[in-house]
Amino acid sequence: MKNLKMKSARAALDLSQDELAKRVGVSRQTINAIEKGDYNPTIQLCRSICKALGKTLDELFWEDGDDQD
Amino acid sequence: MCYYKLLEHLLHTVLYRERKLKMRKSYAILMIIIGIILVGTVGLLAGGLKGGGFRSQHERTVSVKDGVIDPGQLNGNFMVDETGDYRLGVSWRPEGIKGVLSEGDIGFVTAVVIEDDKGEVIFKADGLALEINTDIRLEKGIPYQITHYFFNDKAAFTEFAKNYICGIKMADSVADQYSFEDLASNGSWNIDSKLTVKRVGVSVWVVTGLSFAIIFSVILTVILTIAITRSHRLESPKYDERQEMERGYGFKYAFFSLLTYIIGLLIVDAAEIFTRIDMRLFYAGGIFIGVCVYVVYCIWTESYFALNQDKKTVMIIFVVIAAFNLALGITNIIRGTMIEDGHFTVHIANLMCAAMFIVLFVTVLLKKMKDKKSEE
């Protein structure tokens, strides 16, 4: 399941995957995998991403049908 | 040389995860282990390059026509470049005749004699065919003469036995073990003749090589340990949670690949399918398969390189190790040590190792290309 919310939040801040990865402290491929839905991050990583993007967990990671692939 | 990478994985997974050891200690241990491996590698290389042995393989034709043997005898010479104990292997067998020979199979009895430069007999043996493996002491620089004599006449053989084999008292009984009257009176035999002289025990070259390697490794270890522990760039490799997970999968796949390989190896060994290949090669193959599966999987899932690791350095290490082993492999081919007695020897491991690092290097390149395409 693709995480389009995260992708759009990142795009809104004009951040590349690489820049977000550096802010969060993970590899670019990990951010890519989360956005593509290939990897389910732990709550700890979700929190780090939320902090980096200035969003809440609900805003980025709560499924509501809009981001269904 | 692939042990370096194995070691790296081992240390990363054990030492760094534990966090109990300080980084300086970890790197000091790493350097010491690398030093020990260097000792082994350089010593073995130095020793392996100079064996001090000799080998020859020829096909000879010996014919008997109306009781006359042609040729009457065959001579050869060999020298060793190091004094010491050697394993002498003499093989002399007519082609196409397996098992125990009887007098009707061949037209002559063969005796082999090795003499030193003073004409003193240092080894002798006789038989319808010869398969000898024995330890013998040889001196450096002496031209040893090996002579094959052929007999189809009892009186001539008895005379020979008196002089070379056992002295006057026993000569008759030695001659009596052959039924000369039953020997084939006419015919021609192609003989597969082999002579191998291999150094037994530790060669002086190995000792010299090891000594140099120890000195070199100690100096290198001390220098590297000081250099690294003083460096402020010391950081443990960091992997994010996805990378840690993928590395775990990598280990799992490598483990099952190795397990499958070992089961296959057991079957192959039991069925005696690849009898012409040195078993040590299969063991090396297991290491290569395990490492290859793990590293290729990790590279492909972007979990091989740590977040704070310089990829270029690792790539350079891959290329250097591949080139080094490739050069050694080519040297082995040129020197003819890759195949001995029709068997692949453990020297082919260098080519296998080179192939493995080339595969790893190509995987990194392919992954880079794939990433470039898939980048946002």
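These numbers come from a predicted model, not from an experiment. (Residues numbered from 1 in each chain as written. Chains lettered and ligands numbered in written order. Predicted model: local features only at pLDDT ≥ 70, side-chain atom pairs only at ≥ 80, totals over all residues.)

Some remarks on the overall build of chain B
From N to C terminus, chain B includes 9 helices and 11 strands. Counting across all 376 residues of chain B, residues that qualify as buried make up 23%. At a minimum sequence separation of 6, the contacts of chain B that also span at least 24 residues come to 81%. (Helix = DSSP H or I, 4+ residues; strand = E, 2+ residues; numbered from the N terminus. Buried ≥ 20, exposed ≤ 12 C-beta atoms within 10 Å, placed from the backbone. Contact = placed C-beta atoms within 7 Å.)

Regarding the confidence of the model for chain B
Residues and elements named next belong to chain B. On average, residues of chain B score 78 in pLDDT, and 79% of them are at 70 or above. No element of chain B has a lower mean pLDDT than helix α1 (residues 3-18), at 49, and none a higher one than helix α6 (residues 241-271), at 91. A low-confidence stretch, residues 13-21 stays under pLDDT 50, and its non-local contacts, those more than four residues away or across chains, total 6 contacts. Scored by ipTM, the complex comes to 0.85, with pTM at 0.53. (pLDDT = per-residue confidence, 0-100.)

Let's talk about the sheet that holds strand β1 (residues 54-65) of chain B
Residues and elements named next belong to chain B. A sheet is described by the order of its strands in space; here 5 strands give the open sequence β2-β1-β9-β4-β7, paired in antiparallel fashion. This sheet does not close on itself; its edge strands, each paired only once, are β2 (68-70) and β7 (130-138). Taking each pair of neighbouring strands and ignoring which way they run, the sheet shows an average axis angle of 20°. Pairing analysis gives 9 bridges linking strand β4 (residues 84-94) to β7, with the strands arranged antiparallel. Across the sheet, residue S91 finds its bridge partner in β7, namely E131. (Pairing = 2+ DSSP bridges. Axes fitted to C-alpha atoms, helices over the stretch in contact; angles between N-to-C directions.)

Quick look at the pairing of strand β8 (residues 144-151) of chain B
Here 6 bridges tie strand β3 (residues 73-78) of chain B to β8(B), and the two strands are oriented antiparallel to one another. Bridge pairing in β8(B) links L74(B) to H148(B).

Here we look at unusual backbone geometry
Negative phi characterises most residues that are not glycine, and trans characterises most peptide bonds. D70(B) connects to P71(B) through a cis peptide bond whose omega is -5°. Here P71(B) shows up in the loop between β2 and β3. Within the chain, D14(A) stands out as a residue other than glycine whose phi angle is a positive 60°. Its 7 C-beta neighbours within 10 Å are what place D14(A) among the exposed residues.

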